[in-house]
Amino acid sequence: DTGVSQDPRHKITKRGQNVTFRCDPISEHNRLYWYRQTLGQGPEFLTYFQNEAQLEKSRLLSDRFSAERPKGSFSTLEIQRTEQGDSAMYLCASSLQGALRYGYTFGSGTRLTVV
Amino acid sequence: GENVEQHPSTLSVQEGDSAVIKCTYSDSASNYFPWYKQELGKGPQLIIDIRSNVGEKKDQRIAVTLNKTAKHFSLHITETQPEDSAVYFCAASYTGGFKTIFGAGTRLFVKA
C-alpha cells in the first residue's frame, strides 16, 4: 500500500466554478477525514466518514460543500460555486478504528486556488 | 470551544542544540496527543504520540511529556539536524470520538 493518495495535487479555478477532489485512503482503514489547511495554520476538521457513512460535518462545511464515500473506499469532496475564501490546502486522512495508534495518515493534499 | 494553543510559532536553533515546543489544550476529555511534522508540499506526518495515562514517551531523539492536570504537553527534539527543519503541529483528540484539534504550528529552522 502506498499510503493516502489525493488527486489532483493542485487546482486553479475561477470563482463560481465547481471543483471535485478525490482521496484514496489506505485500503484497510475504515475511517476517512477531510481537513482544510490555510497558510500558517493547522489543519481544521471538515468532515468524517466511518466506512461509507458520513458521521459528522463541521460548521465550516457550508451548503456548497459535499463529500461522499461510496462503498466505503475512496472519497470525493466537491465545492460548488467556489469563492476566493475557499483557497486552501484540502487534506485527506485515514485511520483504522481500534488500532493501537489513533493518529492519522495524511495524504499530500490538494491545493486549491480560486482566482 | 475546543482549542489547542502552540508556542512558539517560529523556532530557530543551531544544529546539535535541543528544541522544545509547548502546547496547551482546553478539552478535559482529550486523552490522545499526537505530534505531526509537515515538510514543504507534503501532508502532516505522525512522528510520535502519547496517551493520557502516560506522562512521558521517548523515541530516539524525540520525546513528549504530558501534564494532564495543567493540560500542557511538549515536544522535545535533541541533537537537532538540518533535516528536522519543518513545521510541527501538536494536536489533541478523544479516542472515543473522531475529531482532532490541531495547534497553529511551529516552524523549526535548524541552522547548520
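It is worth spelling out the state of the cysteines at this point. Applying the stated criterion across every chain yields a total of 2 disulfides over all chains. Through a disulfide, A:Cys23 is tied to A:Cys92; the S-S separation comes to 1.9 Å. Looking along the S-S bond of the A:Cys23-A:Cys92 disulfide, the torsion reads about -65°, which is the left-handed sense. Of the two residues, A:Cys23 is situated in strand 3 (residues 19-24) and A:Cys92 in strand 9 (residues 88-95); the sequence distance between them amounts to 69 residues. For the pair formed by A:Cys23 and A:Cys92, the shared burial category is buried. Each sulfur of the disulfide joining B:Cys23 and B:Cys90 lies 1.9 Å from the other. In this structure the cystine formed by B:Cys23 and B:Cys90 twists about its S-S bond by roughly -100°; its chirality is therefore left-handed. Here B:Cys23 is found in strand 3 (residues 19-25), whereas its partner B:Cys90 is found in strand 9 (residues 86-93), with 67 residues between them in sequence.

Next up on the list: the sheet that holds strand 8 (residues 72-77) of chain B. Residue and element names in this part refer to chain B. The strand order 1-3-8-7-6 describes an open sheet built from 5 strands, whose pairing is antiparallel. With one partner strand each, in any of the chains shown, strand 1 (4-7) and strand 6 (56-59) form the two edges of the open sheet. Neighbour-to-neighbour, the strand axes of the sheet open up by a mean angle of 15°, direction not taken into account. Taken together, the 4 bridges between strand 6 and strand 7 (residues 62-67) define a ladder with antiparallel strand orientation. Looking across to strand 7, one finds that Lys58 is bridged to Ala63.

Rules used throughout
- Residues numbered from 1 in each chain as written.
- Chains lettered and ligands numbered in written order.
- Predicted model: local features only at pLDDT ≥ 70, side-chain atom pairs only at ≥ 80, totals over all residues.
- Heavy atoms only, no water.
- Disulfide = S-S within 2.5 Å.
- Helix = DSSP H or I, 4+ residues; strand = E, 2+ residues; numbered from the N terminus.
- Buried < 20%, exposed > 50% of the residue type's maximum accessible area, 1.4 Å probe, protein only.
- Pairing = 2+ DSSP bridges.
- Axes fitted to C-alpha atoms, helices over the stretch in contact; angles between N-to-C directions.

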